[in-house]
Amino acid sequence: MNILDHLKKGFTYFDGGCGTILQAAGLKAGELPERWNTEHADVIQGMHYDYLLSGVNILKTNTFGANIMKFPGEGELEGIIKAAVGNAKAAIAAVESRTPLAGRSDDFSKASGEHYVALDIGPLGKLLKPLGDLDFEEAYEIFLQTVKAGMACGVDLILIETMNDIYEAKAAILAAKESALPVFLTTAYDESHKLLTGADPRTVVAVAEGLGVDALGVNCSLGPDEMMGIVDELCEYASVPVIVNPNAGLPRTEGGKTVYDVLPEGFAASMIKIADKGARVLGGCCGTTPAHIGAMIGEVRKMEPKPLSEKQHTLISSYTHSVEFGIRPILIGERINPTGKKRLKEALRNDDMDYILQQGLLQQDQHADVLDVNVGLPEIDEPEMMVKAVSQLQAVCDLPLQIDTTDPVAMERALRRYNGKPMINSVNGKEEVMKQVFPLAKKYGGLLVALTIDEEGIPTTAEGRLKIARNIYEKAAEYGIKKKDIIVDPLAMSISAEPESAKITLDALRLIREEEDGLTSLGVSNISFGLPKRDLVNGTFFTMAMMNGLSAAIMNPGSMEMMKAYRSFCALKALDENCMDYIGFTDEYEALAASAAPAAGSEAKKPAAAVSYEGIKDERLIPLVDTVVKGLKEKAGALTAELLSADVAAMDIIDGALIPALDIVGKGFEAKRVFLPQLLMSADSASAAFESIKDKIAASGGKQESKGRLILATVKGDIHDIGKNIVKVLLENYGFDVIDLGKDVPPELIVETAVRENIKLVGLSALMTTTVPAMEETIKLLHEKWPECKTCVGGAVMTPEYAKMINADRYCKDAMETVRFAEEFFAGMPC
């Protein structure tokens, strides 16, 4: 029986933690656990064997960190993976043949009869561009090498686990799908139920199911009780089996070893609740042992799993959040489309990305839910421009995008690089087009916009358009594309040329909703083409379309008539709780009308900014503050240069604009209103501004004052430097000098550098349980050799209690807290 059939049959059990078991067996601080596959094969086989005796079905290979960056030697990676898979298979062979390991006499009664080997793939420890320096295709190739090595050894499935960035997870999934093996994904959330880069469980479901994973879930970072809310959301939205592999609670150190606070009985009691919520694949992560897993299996085996069901949620997403269709009409901003827009055509020809980004941010401020992105001009390279526009828009704006192109090359390149699950505009009823588009939608995931046009043209009846929609549904199903991932556009045609067109379109909307329970979308403003004062017609037609079941509208969110219709409709249909959106819209409308009422048919001005700049004393600095908050790097540098040329003092720009802007974003990050990508893009924008200031100061022979010098390092044995790099970017933007010692740094080098450079503050990072002892060793050595030096620590496995136990001076839960501690520390130092 293959693993997918086993999932359908009932509960499936993963094994538990590896690192703490290897530490107990003698793994030293900073030692790479993957090397034990060859150097201590007996220990690895014994660990697998014990898990099998407890009743598990799936063994994870000891390859969490096995990639070409960590094992770059000729054949080294392949050798590590071959040994890891061999160890797992040897343990399975021993249990299935009821042959005890040497010197042991074991009870095989609890062992399962069905066993599988999962190639375990963990994160690379780097942020992908534009947030970091690792290109998406580079990440894909690194994962692909690991996947190929696992395939060659005959693994049964691929487990991609502990992912905290959905973009990196996408690269890993695409690589894993090349194997044709089942692919499982688990992601690691923080206490706010978000990934490091901001995605919530619903967003992960949207992206992962779009990419075709066979099971998905959560692992690491949290204990089982802290995962309950995450499991609820996963089970509500996921159609594939849900995996839950928690830690054994919170870590602490005892005698230089990492131990956890949830005992097997408590773990089993919590996992019963998780199974009852609908999770179907259960196991453990850090701190769990064969005793934990055995206790869990012993209890869960008495239960019946909740049946699997196809969830009827239509979702698209950005990298931070998802948008669900079918609840209220969704607004798709139409302004990034060159049709009829002279200024946008000029921007595309001149590669003026600032203008394109500003159009996106403006529509976000005007309450669009999604942005349409169409860059089709015959005189430009559309595939290149589409990828550039999508990548740069996603760097500054967290709205989901609709990739709008008829060029299959541009479509595939954009879909591959898109961070999330997009809308795809479009497919139609022509056989040739369906053959081009459906395979792309199946591979990359997305909500397909289906135009009701085929080889015979656009039907002149609503029934004719419904017939094409049905044909598209049927053909899509042949490719494995579900009906919930198709949204039909029955086409709005201008009433100035075809007087009956509005009626036909409205009837088609109604038929698709009533007879197919289908979702629909329209380019609403097409209805008024060729008429004067078009907004008057557009607003009324928009209302009529919504009354006939319109699910989404491609429209101008800056049109007052359209937004009046939308806000009023939502309030009247009880889709606006307490009419709060309507009230907020009327406040904006009155403010705009009082300042300068737009002429009929003109575009509404940008609504009042969501961020208050009341504390900015010099009004000349407000545009720079706004630009840094929005993460517009090139514009930030240019504005700073203009201010300097206007004789605004450098320190006035720093203290009056850059630091306040970073504080605005930082406070949003701390309050969970802003997520890591926005934080880093704002930091990059501030960096561009600082570069302009440095150039000016250098030209005048001056020197920028530092707020303090400190060391940052990822401890020995740990190659994951995402957190450390984020902290570095922010500290430098706040005016601190950072000595970055990199990753996998021995304690002796950290201490030697601190003494030589007279450093009084050291920041240490660790992601893995197995490397925390190296952090403790570093702190101990600092206390011995350089006692006046203080330490702050952070990382996925750290807690305030854990930091206290290893004698760190401060636990910093994120980058902004590190900045605040550095400000507090250096402010208290004598001059």
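Residues numbered from 1 in each chain as written. Predicted model: local features only at pLDDT ≥ 70, side-chain atom pairs only at ≥ 80, totals over all residues. Heavy atoms only, no water.

*Asks:* Lay out the overall build of the chain in plain terms, naming residues and giving numbers.
*Replies:* Counting secondary structure elements, the chain contains 30 helices and 25 strands. As displayed, the chain offers around 32,200 Å² of accessible surface, 52% of which is attributable to carbon and sulfur atoms. (Helix = DSSP H or I, 4+ residues; strand = E, 2+ residues; numbered from the N terminus. Areas by Shrake-Rupley, 256 points an atom, 1.4 Å probe, with all protein chains shown as cover.)

*Asks:* How would you explain a nonpolar patch on the surface if you had to name every residue and give the values?
*Replies:* A contiguous nonpolar patch, built from Met580, Tyr582 and Ile583 and spanning about 270 Å² of accessible area, is present on the exposed surface. Of note, tyrosine 582 is situated in helix H21 (residues 580-596). (Patch = residues over 30% accessible without salt bridge, like charges linked within 9 Å, V, L, I, M, F, W, Y side chains within 5 Å. Salt bridge = Lys/Arg side-chain N within 4 Å of Asp/Glu carboxyl O.)

*Asks:* Tell me about the sheet that holds strand E18 (residues 486-489), and name the residues and values.
*Replies:* Strand order in the closed barrel formed by eight strands is E13-E14-E15-E16-E17-E18-E19-E20, and the pairing between neighbours is parallel. On average, each strand axis in the sheet is inclined to that of its neighbour by 30°, with strand direction left out of account. Sheet topology note: the strand E15 (residues 401-404)/strand E16 (residues 423-428) ladder contains three bridges and is parallel. Note that in E16 the partner of aspartate 404 across the bridge is asparagine 425. (Pairing = 2+ DSSP bridges. Axes fitted to C-alpha atoms, helices over the stretch in contact; angles between N-to-C directions.)

*Asks:* Account for the sheet that holds strand E21 (residues 709-714), with residues named and values stated.
*Replies:* Strand order in this open sheet of five strands is E22-E21-E23-E24-E25, and the pairing throughout is parallel. The sheet is open, and its two borders are formed by strand E22 (737-740) and strand E25 (810-811), each paired with just one other strand. Note: strand E23 (residues 761-765) against strand E24 (residues 790-794), five bridges, orientation parallel. Residue pairing across strands places leucine 764 opposite valine 793, the latter belonging to E24. This element, helix H26 (residues 722-733), spans E21, E22 and E23 of the sheet and lies at about 165° to E21. (Contact = heavy atoms within 4.5 Å.)

*Asks:* Account for the pattern of salt bridges, with residues named and values stated.
*Replies:* When their charged atoms lie close together, side chains carrying opposite charge are able to pair. Across all of its chains, the model carries 41 salt bridges by this definition. Here arginine 709 makes a salt bridge to glutamate 757, at a shortest N to O gap of 3.0 Å. With arginine 709 in strand E21 and glutamate 757 in helix H27 (residues 747-757), the pair connects residues that are 48 residues apart, well separated along the chain. For glutamate 757, a relative accessible area of 29% puts it in the partly exposed group. Beyond isolated ion pairs, a larger network of salt bridges with shared partners links Lys503, Asp507, Arg510, Arg513 and Glu514. (Buried < 20%, exposed > 50% of the residue type's maximum accessible area, 1.4 Å probe, protein only.)

*Asks:* An account of the domain arrangement of the chain is needed here, citing residue identities and associated values.
*Replies:* As assigned here, the chain comprises domain 1 (32-241), domain 2 (323-327 + 398-596), domain 3 (619-697) and domain 4 (709-827). For domain 3 and domain 4, the distance between their C-alpha centres works out to 27 Å. Across the boundary between the two partners, domain 3 contributes 14 residues, which contact nine residues of domain 4. Between domain 3 and domain 4, roughly 1,000 Å² of surface is buried when both sides are summed, and carbon and sulfur atoms account for 64% of that area. The interface formed by domain 3 and domain 4 contains two salt bridges. Between arginine 820 and glutamate 670 there is a salt bridge, and its shortest N-O distance comes to 3.4 Å. At the level of secondary structure, the elements contributing two or more residues to the side of domain 3 that touches domain 4 comprise helix H24 (650-670) and helix H25 (676-699). By residue class, the composition of the side of domain 3 that touches domain 4 is nine nonpolar, two polar and three charged. (Domains from an automatic or database assignment. Buried area = accessible area lost by both parts, 1.4 Å probe. Nonpolar A, V, L, I, M, F, W, Y, C, P; charged D, E, K, R; others polar.)

*Asks:* How would you summarise the packing of aromatic side chains if you had to cite specific residues and measurements?
*Replies:* Counted according to the given criterion, the structure contains nine aromatic pairs. When the centroid spacing of 5.3 Å and the interplanar angle of 50° are considered together, the rings of phenylalanine 438 and tyrosine 479 count as tilted. Within this pair, whereas phenylalanine 438 is found in helix H16 (residues 431-444), its partner tyrosine 479 is found in the loop between helix H17 (462-478) and E18, the two being separated by 41 residues in sequence. The buried category is assigned to phenylalanine 438, whose relative accessible area is 0%. Every member of this aromatic cluster is reached through a ring pair, and the members are Phe736, Phe821, Phe825 and Phe826. We note arginine 343 situated over the ring of tyrosine 355; from NZ or CZ to the ring centre the distance is 4.1 Å. The ring of tyrosine 140 carries arginine 416 above its face, with NZ or CZ at 4.6 Å from the centroid. (Phe/Tyr/Trp six-rings, centres within 6.5 Å; stacked < 30°, edge-to-face > 60°. Lys NZ or Arg CZ within 6 Å of the ring centre and 35° of its normal.)

*Asks:* Explain the nonpolar core to me, and be specific about the residues and the numbers.
*Replies:* Judged by nonpolar contacts, the single largest core of 157 residues is most densely connected at Val244 and Leu282. Of the residues that make up this core, three or more belong to each of domain 1 (32-241) and domain 2 (323-327 + 398-596). In terms of nonpolar packing, the next biggest core, distinct from the first, is built from 53 residues, Ile616, Val628, Leu643 and Leu761 among them. (Core = buried A, V, L, I, M, F, W, Y, C linked by side-chain atoms within 4.5 Å.)

*Asks:* Go over the side chain of asparagine 87 with me, naming the residues and quoting the values.
*Replies:* Position of asparagine 87 among the secondary structure elements: in helix H5 (residues 76-96). Setting aside residues up to four positions removed in sequence, asparagine 87 forms contacts with Asn37, Ala41, Ile44, Gln45 and His48.

*Asks:* Account for the confidence of the model for the chain, with residues named and values stated.
*Replies:* Per-chain confidence: the chain averages 93 in pLDDT, with 97% of residues scoring 70 or above. Predicted confidence for residues 595-609 stays below pLDDT 50, and this span has 25 contacts to residues more than four positions away or in other chains. (pLDDT = per-residue confidence, 0-100.)

*Asks:* Report on the packing of helix H22 (residues 622-630) against helix H23 (residues 633-645), specifying residues and quantitative values.
*Replies:* Taken N-terminus to C-terminus, the directions of H22 and H23 make an angle of 160°; their axes are 9 Å apart at the nearest point. Accordingly, the angle class assigned to the pair H22 and H23 is roughly antiparallel. Two packed elements cross with a definite hand, and for H22 against H23 that hand is left-handed. Between H22 and H23, the contacting residues are Pro623, Leu624, Thr627 and Val628 on the first element and Lys635, Ala636, Leu639, Thr640 and Leu643 on the second. For the contact of H22 with H23, the class distribution of residues is six nonpolar, two polar and one charged. (Parallel < 35°, antiparallel > 145°, perpendicular 65-115°, else oblique. Left-handed = near helix turned anticlockwise from the far one by under 90°.)

*Asks:* Let's hear about the packing of H27 against helix H28 (residues 772-785): which residues, and what values?
*Replies:* For the pair H27 and H28, interaxial distance at closest approach is 9 Å and the crossing angle is 35°. Between H27 and H28 lies a crossing whose hand is right-handed. Facing Pro747, Glu748, Ile750, Val751, Ala754 and Val755 of H27, the residues of H28 in contact are Ala774, Glu777, Thr778, Leu781, Leu782 and Lys785.

*Asks:* Residues and numbers for helix H6 (residues 136-152), please.
*Replies:* An ideal rise of 1.5 Å per residue puts 24 Å on 17 residues; H6 measures up with 24 Å between its terminal C-alpha atoms. Those residues of H6 lying buried are Phe136, Ala139, Tyr140, Ile142, Phe143, Leu144, Thr146, Val147, Ala149 and Gly150. Against the buried residues of H6 lie H5, strand E3 (116-121), strand E4 (157-163), helix H7 (166-177) and helix H15 (408-417). The distance from a side-chain oxygen at the start of H6 to the backbone nitrogen of glutamate 137 is 2.9 Å, and the residue carrying that oxygen is aspartate 135. Two residues or fewer after H6 comes glycine 154, characterised by a positive phi angle close to 80°. (Expected span 1.5 Å × (residues − 1). Polar contact = N/O pair within 3.5 Å; in protein donor to acceptor, adjacent residues only side chain to side chain.)

*Asks:* Could you give me a rundown of the state of the cysteines, with the residues and numbers involved?
*Replies:* Throughout the structure, instances matching the rule amount to zero disulfides. No disulfide involves cysteine 220; its nearest neighbouring cysteine sulfur is the one of cysteine 286, lying 3.8 Å away. The exposure class assigned to cysteine 220 is buried, which follows from its relative accessible area of 10%. Of the cysteine sulfurs around cysteine 792, a residue in no disulfide, the closest is that of cysteine 812, at 4.6 Å. (Disulfide = S-S within 2.5 Å.)

*Asks:* Tell me what's going on with the environment of threonine 406, and back it up with residues and numbers.
*Replies:* Mapped onto the elements of the fold, threonine 406 is located in the loop between E15 and H15. Its relative accessible area of 77% is what places threonine 406 among the exposed residues. C-alpha of threonine 406 to C-alpha of valine 437: the two residues are 31 residues apart in sequence and 9.4 Å apart in space.

*Asks:* Quick rundown of the pairing of strand E7 (residues 242-245)? Include the residues and the values.
*Replies:* Of the two faces of E7, the one lined by Val242 and Val244 and the one lined by Ile243 and Asn245 are each fully buried. Here four bridges tie strand E6 (residues 215-219) to E7, and the two strands are oriented parallel to one another. Of the residues in E7, the one forming a bridge with leucine 216 is valine 242. Across two bridges, E7 lies against strand E10 (residues 281-282) in parallel orientation. In the strand pairing of E10, isoleucine 243 is matched with valine 281.

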